[in-house]
Each structure stands twice: as structure tokens, then as C-alpha cells.
Amino acid sequence: MSSLLDSLNPAPRTDAIACAERAEIDRSLRAPVLLFFVSGIAWLLLGSLLGLLSAVKMSMPHFLDSADWLTFGRVRPAHLNTVIYGWASSVGIGVGIWLMGRLCRVALRHRGLLIAAGIIWNMGVAAGTIGILAGQSRSIEWLEFPGWATPVLFIAYALIGVWGVIMFRFRQPGHVYVSQWYLLAAFLWFPWLYATANVLLIWHPVQGSVVGAVNWWYGHNVLGLWFTPIGLASAYYMIPKVLGRPVHSYYLSMLGFWSLALFYSWNGMHHLIGGPFPAWMISASVVASVMMFIPVITVAINHHMTMRGHFDYLKWSPTLRFTVLGAMTYTAVSFQGSLMAIPSLNAITHFTDYTIGHAHLGLYGFFTMTMFGAMYYIVPRLVGWEWPSARMIRWHFWLSASGIALMFAALTLGGFLQGLELNDPEVSFITSVQIVAPFRVVRTFAGILLMAAHLVFAVLFIRMLLRHGERREGPTLLANPASPEVSTPAV
Amino acid sequence: MNRLPLLFIGILIVFSTSWLGLVAYPYLKLGHLQPVHTAKNGEQPAPLSPAALAGHNVYAANGCIYCHSQQVRPAWLSTDIEKGWGPRQTVARDYIWERPPFLGTMRSGPDLSNIGVRQPSTAWNYEHLYEPDIVTPGSIMPAFRFLFRVQPIRGQGSPDALIIRGPDAPPAGYEVVPTEEAKDLVAYLLSLKRNYPLPEAGGKSP
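This one's a predicted model, so the numbers in the text were calculated from it and none came from an experiment. (Residues numbered from 1 in each chain as written. Chains lettered and ligands numbered in written order. Predicted model: local features only at pLDDT ≥ 70, side-chain atom pairs only at ≥ 80, totals over all residues. Heavy atoms only, no water.)

Bringing the packing of helix α3 (residues 72-104) of chain A against helix α4 (residues 111-133) of chain A into the picture now. To characterise two packed helices, one gives the angle between the axes of the helices and the distance between these axes. Residue and element names in this part refer to chain A. Remark: α3 packs on α4, axes separated minimally by 9 Å, with the N-to-C direction vectors making an angle of 170°. Classified by the angle between their axes, α3 and α4 sit roughly antiparallel to one another. Taking contact as the criterion, the partners of R74, V75, P77, A78, N81, T82, Y85, G86, S89, S90 and I97 in α3 are, on α4, L114, W121, V125, T129, I132 and L133. Looking at side-chain class alone, the contact of α3 with α4 contains ten nonpolar, six polar and one charged residues. (Axes fitted to C-alpha atoms, helices over the stretch in contact; angles between N-to-C directions. Helix = DSSP H or I, 4+ residues; strand = E, 2+ residues; numbered from the N terminus. Parallel < 35°, antiparallel > 145°, perpendicular 65-115°, else oblique. Contact = heavy atoms within 4.5 Å. Nonpolar A, V, L, I, M, F, W, Y, C, P; charged D, E, K, R; others polar.)

One way to see where empty space is left: roll a probe the size of a water molecule over the atoms. Scanning the model with the defined rule gives four cavities of 30 Å³ or more in all. Of the voids in this model, the second largest cavity is the one considered here, and its volume is about 110 Å³. In terms of lining residues, the second largest cavity is bounded by 14 residues, among which N215(A), W216(A), P101(B), L103(B) and G104(B) are the most central. When grouped by side-chain class, the residues that make up the lining of the second largest cavity number eight nonpolar, five polar and one charged. (1 Å grid on protein atoms, 1.4 Å probe; cavity = no way out; pocket = protein on both sides within 12 Å on 5 of 7 lines; lining within 4 Å. Points joined across faces, edges and corners; volume = space filled by probe spheres on them.)

By the definition in use, this model includes 15 salt bridges over all chains. Residue E21(A) pairs with R105(A) through a salt bridge whose shortest N-O separation is 3.5 Å. With a gap of 84 residues between them, E21(A) in helix α2 (residues 16-59) and R105(A) in the loop between α3 and α4 connect regions that are remote in the sequence. Here R107(B) and D111(B) are joined by a salt bridge, their closest N and O atoms 3.4 Å apart. No difference in accessibility class separates R107(B) from D111(B), as the two residues are buried. (Salt bridge = Lys/Arg side-chain N within 4 Å of Asp/Glu carboxyl O. Buried < 20%, exposed > 50% of the residue type's maximum accessible area, 1.4 Å probe, protein only.)

Take the domain arrangement of chain A next. Residue and element names in this part refer to chain A. Per the domain assignment, the segments making up chain A are domain 1 (12-174) and domain 2 (235-479). For domain 1 and domain 2, the distance between their C-alpha centroids amounts to 18 Å. Taken together, the contact between domain 1 and domain 2 spans 30 residues of the former and 31 residues of the latter. For the pair domain 1 and domain 2, the summed buried surface comes to about 2,500 Å²; carbon and sulfur atoms form 80% of the total. Seen at the junction of domain 1 and domain 2, the total is zero salt bridges. Between domain 1 and domain 2 we count four residue pairs in polar contact (both at pLDDT 80 or more) in total. Where the side of domain 1 that touches domain 2 is concerned, the elements lending two or more residues are α2 and α3. Here the side of domain 1 that touches domain 2 takes 17 residues from α2, the largest share from any one element. (Domains from an automatic or database assignment. Buried area = accessible area lost by both parts, 1.4 Å probe. Polar contact = N/O pair within 3.5 Å; in protein donor to acceptor, adjacent residues only side chain to side chain.)

Structural data, given as C-alpha cells:
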């Protein structure tokens with residue numbers, strides 16, 4: 001029984017040896033993880049700026065339109081690729097490696113190689129982004145980086161992924177925690193995805209509509225089998241860790257993991273409903289998308305039952321506030337995704353801003369929020385310093401949360417109206433453009449809120465690295481806890 | 001779940017089902033389609049001309065795909081055909097000459113599956129790319145002026161020069177001419193006519 005309990009708890013031991021061991025692991029991970037975090041935040045700022053520029057251009061088409069590299073069709077994919085590969089993947093790798101180290105209880109050896117991998121990864125993202133802006137994109141969504149930049153990313157990734165798997169191989173004996181399943185799976189799935197997509201789409205392009213199938217098998221799986229497992233691994237770690245209580249159910253964890261692996265991997269074709277493909281492929285993806293209710297509800301119950309009776313922690317723990325909002329958004333965005341795959345609804349929302357709203361809710365509301373939460377937990381342990389300003393954390397939270405909520409609301413409502421007009425054969429095409437126009441202005445305003453949130457976070461992060469302010473006794477909290485015993489170091 | 005080999009193999013096997021179904025299967029089934037030969041119309045779809053192929057690259061480089069789809073969905077699912085995007089649904093064979101095809105996921109702008117049928121005029125397409133608002137008022141398409149040159153008029157002037165009046169007109173003594181890239185792009189756009197009959201596509205022939 002005690003061994004089963006161990007498997008539910010991310011780190012049950014609190015004795016002095018365990019503390020020293022954790023400090024040793026954190027020291028070994030410090031440089032590479034911080035490298036991924038710092039470069040990730042830099043890409044987040046650039047990516048947000050590119051996104052904002054794209055948003056403005058949809059309302060003011062003549063804004064900055066004289067140079068070819070600033071045209072909408074180049075800035076928009078540059079936005080997507082910098083936030084996907086520059087921000088989300090970098091921070092995900094940083095969080096993933098740190099969680100692997102802590103959960104496997106092994107210090108990182110030969111960290112020079114991991115640092116080199118981080119530098120190569122960033123060079124690849126920079127080269128690819130320049131390639132897109134210079135007009136080298138092949139216009140395959142999520143894979144716009146030119147063929148001479150993607151191998152750089154793959155080499156960097158190979159070094160990182162091998163490290164994750166080796167860490168797992170040399171883990172200390174004991175139970176394997178649910179976060180480790182997700183991380184191991186993500187580290188194995190990503191290279192398979194990326195290699196397949198690169199070979200079949202860029203280096204040896206396949207014929208015609210096969211490109212579409214491979215493209216969305218890749219695009220959707222990057223979300224579902226790379227970002228989602230990392231986000232869930234982090235939530236599965238942070239929630240019980242901050243609360244100091246085990247995850248609700250081992251069996252639900254297991255069901256959630258395997259059903260995600262099976263159903264999510266088949267989702268891709270729901271991006272091409274009505275497209276030039278055999279009907280069974282589309283049907284399989286529609287069914288798999290609806291079946292996603294199983295892993296999503298399972299994980300939601302598991303997280304909710306773990307949180308139950310402890311929601312007051314959201315008032316003072318920055319880690320938990322970001323992570324729980326992210327986890328709740330995961331449930332919401334997945335429900336929405338399942339419904340969007342139903343053909344009659346898809347016929348309206350497909351090809352509209354509604355889809356853009358869904359994508360941002362997933363990658364920002366769920367993944368990015370979860371990663372912010374993880375960073376609020378991890379960075380103090382790497383830097384040996386507490387966050388210098390609770391006020392800045394609050395600003396960061398409320399700007400991010402209100403920005404994504406407003407963006408989602410504007411794109412969802414505007415996109416739905418746009419879809420109704422697009423499907424009405426009686427009205428001219430331009431009606432669909434006009435009806436969504438005011439919502440696009442609101443979206444741009446929401447983008448400004450997000451940009452502001454990221455600037456606040458970037459400044460706070462720099463202050464943290466410089467160890468600004470006075471040394472604090474306990475962790476930086478957003479409010480004073482109601483009961484004194486919660487102010488353990490694990491917040 | 002502590003047995004590493006089981007976890008490892010499970011992770012890979014479950015994932016490989018989708019790889020077989022959504023990657024390997026379409027590659028084997030759709031990856032080697034041939035055009036249809038008819039005595040009356042020759043090869044259908046017809047291969048792209050060299051200029052249209054070069055224009056395909058210009059289309060990719062400037063990200064037209066982020067606003068324009070190129071797929072007509074079937075009538076049981078959508079109103080695409082009634083809306084005028086094409087006389088029939090598009091099928092896999094329509095895209096065999098394009099690597100990659102630009103199926104697209106957005107319609108911030110109109111579908112372009114049959115733009116060569118709807119707007120067959122070269123001059124219209126040049127003007128539209130130079131300043132979309134002139135020919136389609138209210139358009140939010142960016143102007144692609146970097147695909148054109150403004151040059152002094154010599155002699156009779158260039159035969160390709162755009163006829164532009166109003167505030168977007170070039171200064172007196174100057175003319176706007178398309179660059180090679182603009183010519184290729186328009187050649188590609190004019191080639192987009194997915195209205196020929198195909199046995200698997202159904203629908204009306206033109």
C-alpha cells in the first residue's frame with residue numbers, strides 16, 4: 001500500500017538527505033534550464049510583436065506594407081513559428097528536463113552538451129524565422145521554416161530528447177510518477193513527428209493532397225503529443241506538490257494517459273473536413289476527436305479531486321494560480337475542440353477566426369499559462385532567490401488572463417458570425433469580411449494586453465536573475481495565507 | 001506502471017497506428033495518382049506551365065494560403081458550390097501537380113480553387129495585386145506593390161503597364177509594370193481552373 005501511495009506523490013520525502021539531493025539536482029540543471037527559459041522569453045516577446053503586427057494588418061491592410069518581408073503572409077507564419085518553436089518548445093523543454101531530473105532523482109551529467117543543444121536550437125529558430133521573412137517559406141502550416149533550417153532544429157532536438165530518455169533510464173529505483181510517463185512519451189513522439197513531416201513534406205515532397213494529410217497529422221500532434229503532455233506533466237507535478245497531498249487516483253491517471261495517446265494521435269484530419277481525402281480518414285479523425293472527451297474528463301476529475309477543499313491556495317500561490325487556470329482551460333478547450341470536429345458545426349467554423357480563437361485558447365490559455373506556473377515554481381530553486389515582486393506577478397497574471405479571455409471571446413463570436421455569412425449563398429463574400437472587422441479590432445486590443453503581460457514578466461524575470469530586492473525568508477505569495485501551516489517552501 | 005519496456009513499447013505502438021493510418025495509407029493510396037486522359041480534352045488536370053510553377057513559389061513565399069483556401073467542399077456538407085467557389089467538389093487528383101498544394105485553412109479572402117475561371121483577365125489580376133481596393137472595394141488584402149516597378153515611360157511605354165487612375169496612379173511620365181514574380185504569380189492564378197470533369201468528382205462538367 002505504501003508503495004502505491006509513493007506512486008501518487010511527486011516527492012514524498014522531506015528528510016535532510018532528500019533535500020540535499022534535490023539541491024544537487026537543481027544545481028546541475030541550473031544553466032541549461034535557465035538558457036531555455038531566457039531564450040524562450042526573448043522569443044515570446046518577438047513572437048507577440050509579430051502577432052500584434054499581423055493583427056493590426058487585418059484591420060489596416062496598408063500598415064507597414066511597403067517592404068516584402070513585412071507583408072502579412074510572411075509576418076503571420078513568422079509569428080506562429082517563433083511562438084511554437086522559439087517560445088513554447090523552449091520553455092517546454094526547460095520545464096520537461098527539470099521535471100525529469102527531479103522525478104528521476106538524477107543529477108544531469110555532461111550538461112555542456114545540453115547547453116550546446118539549446119544554443120543550436122535557438123540558431124535554428126532564428127535561421128528559420130529569417131528564412132520565412134526573406135520569402136523562403138513553403139507555406140506548409142506549422143512547417144514554414146525552410147528546408148535548410150529544419151535539420152538544425154532536428155540535431156538540437158536529438159541531443160535534448162536523448163538526454164531526457166537517458167535521465168529516465170538512469171532514474172533512482174522506485175515508482176514512476178504520472179508526469180514521467182507524459183514526458184517520456186513527449187520526448188519520443190516529437191522526433192518521430194518532426195522527422196516524418198520533414199522527410200515527406202520538405203526534403204522529399206510527396207504528391208498533392210497527401211501533403212495535407214501529413215501536414216495536419218503533424219500540426220495537430222505537435223499540439224496534442226508534444227505540448228499537451230508537457231503541460232499535463234507540469235500540472236500533475238505542480239498541483240500535488242504545492243498542496244502537499246497526493247494525486248487523487250492512480251488509475252484515472254493511467255486511463256487518461258493511454259486514452260490521450262490513442263485518440264489524440266488520430267485527430268489531425270478534422271482540420272480537413274470536406275477536403276480531398278477518402279471519407280474514412282476524415283471520419284476516423286472526427287470519431288477520435290469526440291473520443292477525446294475520455295482523456296479530458298479523466299484528467300479533469302483527477303485534478304479537480306486533488307484540488308478539492310484547497311481552492312483557497314489560488315489566492316496566494318502564483319504557481320497554482322497559473323497552473324490551475326491552465327488545467328481548467330485544458331478541459332474547456334478540449335471540449336470545444338471535440339465539438340468543432342462535428343461536421344455540421346465544423347461547416348460553419350472552418351475557415352474562420354473561430355479556429356484562430358480555439359488555437360490561442362489551447363496554446364496560450366492552457367499551455368502557456370501552465371508553463372508560467374511551472375516557471376514561478378522552478379526558477380527560485382535554480383537561482384536561489386525568491387521572486388522580487390508579488391505586485392508584478394499579479395499584474396502578469398491579470399494581464400495574461402484578461403488578454404486571452406478577451407481575445408478568445410472576440411475571435412469566437414466574430415468567427416461564428418463570419419462563418420454564418422460565409423455559408424449563406426445569398427450574401428456576397430465581402431459581408432463576411434465586414435461582419436468580423438470590429439471583432440478583429442477587439443482582438444488587436446487583447447493582443448496589446450498580452451504584449452504588456454509579457455513585458456511585465458520579462459522585466460520580473462530579469463530582476464529575478466539579478467537577485468533584485470531584499471532576501472526573503474519564504475516564497476513570494478500573492479496574498480497572506482489564511483492558515484500559517486501552508487507557508488511551506490513548496491509554494 | 002514501472003516496467004520501462006512496456007511503457008516504451010506502448011507509447012510507440014499506440015502512436016504508430018495513427019502514423020500508419022494518416023501518413024502511410026494516404027501515401028500509398030493517393031501518393032501516385034495520374035491525370036485522366038480523354039480524347040477531347042487531353043490530360044486532366046493539365047500540368048502547370050513553367051511560369052505557373054514559378055508563380056506557385058511566389059504564392060508560397062508570400063503566404064497567400066493564410067487567407068485563401070483552395071478546396072471546394074461537397075454539397076452535403078457545405079454551401080461552397082452554391083456560393084460559387086466551384087462547379088464540383090475538389091478531389092485528390094486535382095492537386096497532383098502541386099508540391100505542396102495550397103488547401104488552406106482560412107477564408108479571410110475568397111477561395112481560389114477556380115480563380116482562373118472567375119477572374120480570367122491578366123490586367124484585372126495585376127491591378128488587384130497592386131492595389132486591391134481599386135477593383136474590390138472594402139478588400140482587406142495587402143497591396144503587393146513590391147511585386148511591381150514604377151519606371152519612367154520610354155517611347156510607346158511597356159505593353160504590360162497597369163492602367164491606374166486616381167490617388168494610386170504613378171506620377172506623370174511614369175508607369176507601373178509587373179516584375180517577373182508578379183507575372184509568374186498571375187500565370188499561376190490564371191491556371192487555377194478546377195472545373196474539368198473527373199470520374200471520381202461527380203458534379204456538372206463546364
